[in-house]
Each structure stands twice: as structure tokens, then as C-alpha cells.
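Examination of the molecular architecture
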Amino acid sequence: MKWVKTLALATALALTASGCGTLVSKDADYEGSITFSLALGPDSHHAAGAYAFAERLAELTDDRISVDYYYNNALGGEREVVEGMSINSIQMGMASTGPMGGFVRSFMLFDMPYIFRDLDHVYTVLDGEIGEELAAEFEETASVRIIGWTENGFRYETNSVRPIRTPEDLQGIKHRTQESAAQIQTWRAFGTDALPMAWPEVYTGLQQGVIDSQENPIATIADVNFQEVQDYIAMTQHVYSPAPMMISSRYFETFSEGDQEAILAAGEYATGIQREASAEAEAAALQELLDAGMEQTEIDREAFEEAAQPVIDDWREEIPRDLIDRVIATEAEPGAAATEQEGTS
Ligand code: MLT
């Protein structure tokens, strides 16, 4: 069914493309638009990155190339969008790395608890050798090119039972995970009664008490109004969730060399802007949750890291090229986050 839907979209988009611009030819500079799929809405930090991409691309191509946005998964869920870019029925998109572990085992890295220490560490890893290696592997396997490590950000636990400071506080709490073996194992190691649940069922699950707890980036938590059904937020920062900006490799290859350079430069520029928007969205959303009456707690990180260690040990061999240990061993460039943002303004 998924592929049927993707092919239907391919046809629709081909028709749209033929109506809104000159078809791409490798020998000539392109004049027309690129379709861009977004999982979030027009005011989101994802969209801020997409707008920055479009602005810089227009500047670099004398307004020859514009971008058409499709918000809120209008072209399909994250998996369908990645599959769509793989076969060039969707041209560009930004999506969380959740489904990508299914394409490339290395992306399970982003399900590993407590391997990223802070944003300086994250950006040093993703903007360096490891980020390049992951992007190259993804392009080779899925035919999708990552042109910027944009993000959802760190994830945090919320619940309706009690404030959380240590894993002991989580004992017996019914916690929802994404459909990932590593996440279920992690939240069992933290002491919860962990069960996987599809995202669209989570709000109702929390409301009806089928689950007490969930975890997500703060901007997402506020976006879906979990403050209505959750009382406590713990600053767990247990995993970091990228949402890279991507382009179909087959589509990218049809551009002239000059236009390819412009697309890559616009992606790099947009990455800094999107990260900045993500940090702003997180701060504003946290305030919104606190204003709604949620109680915020800082956690004993060492205790959580210790509880997570058996999970890391089990997955060390499963995730290729010593990636877990190489991430942990990477020294954060102090100010990497700030440098990235300054470099864009
Ligand atoms: C989830 O928890 O399933 C996702 O983080 C929700 C999302 O896609 O924003």
C-alpha cells in the first residue's frame, strides 16, 4: 500500500512539476521549483530551515529556482517521504531519523541513550567525519543525499505520576516508546513498564491512562499539547534526534554542476538557521509547558548513564564501525553550537 501511495504521489508531482517550471536538464541551469516535504507546520523550526534554504538558493541562482513546501506530512509519513526521495517521486524533505535505522543500521546510533553529551558534542560529531560517513552510507544505500544535519533536538521524559530525578523514580511507570527494540530495552533498563505505541495513539493513551509517560523533543510536546495530560517534565536529554535536510540523489544528479553547488551551499546555510530556530522553539515551548503548570526536574545524569550502560553494551556490536565508541570518544569543540549559528548570520 505504501508503494502504491508513493507511486500515486509520483504521478501527481510529475504533473505538478511539468506545470510549474522547465524540466531539469543537466546541461542547462534549471528554472522552476523544487518540491519540499515537511513533517511539521509552516511556523515550525523545520519550516524555518526550509525557508532559509529557499532564500539562499534563490540568491545563489538569481531567482531561477524556488521551493514549493508541503507541510504536516502532506506527501506521506517520514518513512514514505524517505522512500519517495529514494525513487525520486519526492524531490526534497526533512524528516527525523526514526525510520532510517530500517534503511541503514548505523542510524540506530540515534536510539542509543546518553552517547551525546550536549549540543557542542552533537554538532562536532555530525559536522565532522562521522556525520559525513553516515551521510555517504545513507546515500549509497537509499539514494538520498543528506545536505544538512538539521534537527528535532534532544528528547525529554514527561509523565502524570511523579517528578523524576533518578531511574528509581521511574519504577513501574507505564511508559510509551517508539517502535524500536533499543528504546524498549532502554526504558525497561530505566525501570519503567515500557511498551511501544504508534505516535497517533499517544495523546489518547496518556489521556485514558493506558500509559503514564512518554518522551519527545520539548517543541513536539508543546505542539501536541501534552501539558493537558502530563504534570511532570524531566530534563532527561536521553537521546538526540536529528531531522536531516535531504534531496533525492537521482534528482540532484539532474542539475548542472553550478546548481548542485548552489543547493549544497544553501543546505549548509539553512542548517545553522534551523538549529537556531530549534533552540528558540525549545526554550519557548518549555516556558509554555511551565506556564501550563507542569513541574520541571533536573535529573541525576550519572545514575541514568549507569542504568543505560547495559543497553550500550548490547548494541555496541550491532552498530557498525565502532560508531558508538567513536561518538563517545569525540571531544566536543567548545562553542561548536554557537560557531555554527554565528557562521550563518
Ligand atoms: C514519536 O515519538 O513517535 C515522534 O517523535 C513523534 C514525531 O514524529 O514528532
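Refer to the structure presented above.
Residues numbered from 1 in each chain as written. Predicted model: local features only at pLDDT ≥ 70, side-chain atom pairs only at ≥ 80, totals over all residues. Heavy atoms only, no water.

Here the focus is the packing of aromatic side chains. If you walk through the whole model with that rule in mind, you get 19 aromatic pairs. Each ring, one from Phe107 and one from Phe138, has its centre 5.2 Å from the other, and the planes form 50°; the classification is tilted. Of the two residues, Phe107 sits in the loop between β3 (92-94) and α4 (119-126) while Phe138 sits in helix α5 (residues 129-142), which places them 31 residues apart along the sequence. Here Phe107 and Phe138 have matching classes, each one buried. Here the aromatic residues Phe107, Phe110, Phe116, Phe138, Trp149, Phe154 and Tyr240 are joined through ring pairs into a cluster of three or more. The cationic tip of Arg56 hangs over the ring face of Tyr269; the distance from NZ or CZ to the ring centre is 3.9 Å. (Phe/Tyr/Trp six-rings, centres within 6.5 Å; stacked < 30°, edge-to-face > 60°. Helix = DSSP H or I, 4+ residues; strand = E, 2+ residues; numbered from the N terminus. Buried < 20%, exposed > 50% of the residue type's maximum accessible area, 1.4 Å probe, protein only. Lys NZ or Arg CZ within 6 Å of the ring centre and 35° of its normal.)

The next thing to look at is the site of the ligand. Neighbouring residues of the ligand: Arg155, Arg176, Gln178, Trp199, Asn216 and Thr220. Interatomic distance of 3.2 Å between a side-chain N/O atom of Gln178 and an oxygen atom of the ligand. A distance of 2.6 Å separates an oxygen atom of the ligand from a polar atom in the side chain of Asn216. Protein chains shield 81% of the accessible area of the ligand, which is 270 Å² for the free molecule. A breakdown of the residues in the shell around the ligand according to their chemical character gives one nonpolar, three polar and two charged. (Near = heavy atom within 4 Å. Polar contact = N/O pair within 3.5 Å; in protein donor to acceptor, adjacent residues only side chain to side chain. Areas by Shrake-Rupley, 256 points an atom, 1.4 Å probe, with all protein chains shown as cover. Nonpolar A, V, L, I, M, F, W, Y, C, P; charged D, E, K, R; others polar.)

All right, on to the side chain of Arg155 then. Following the sequence through the fold, Arg155 ends up in the loop between β5 (151-154) and β6 (156-159). You can call Arg155 buried: its relative accessible area is 7%. With residues near it in sequence (within four places) discarded, Arg155 still touches Gln178, Glu215, Asn216, Pro217, Thr236, Gln237, His238, Val239 and Ser241. (Contact = heavy atoms within 4.5 Å.)

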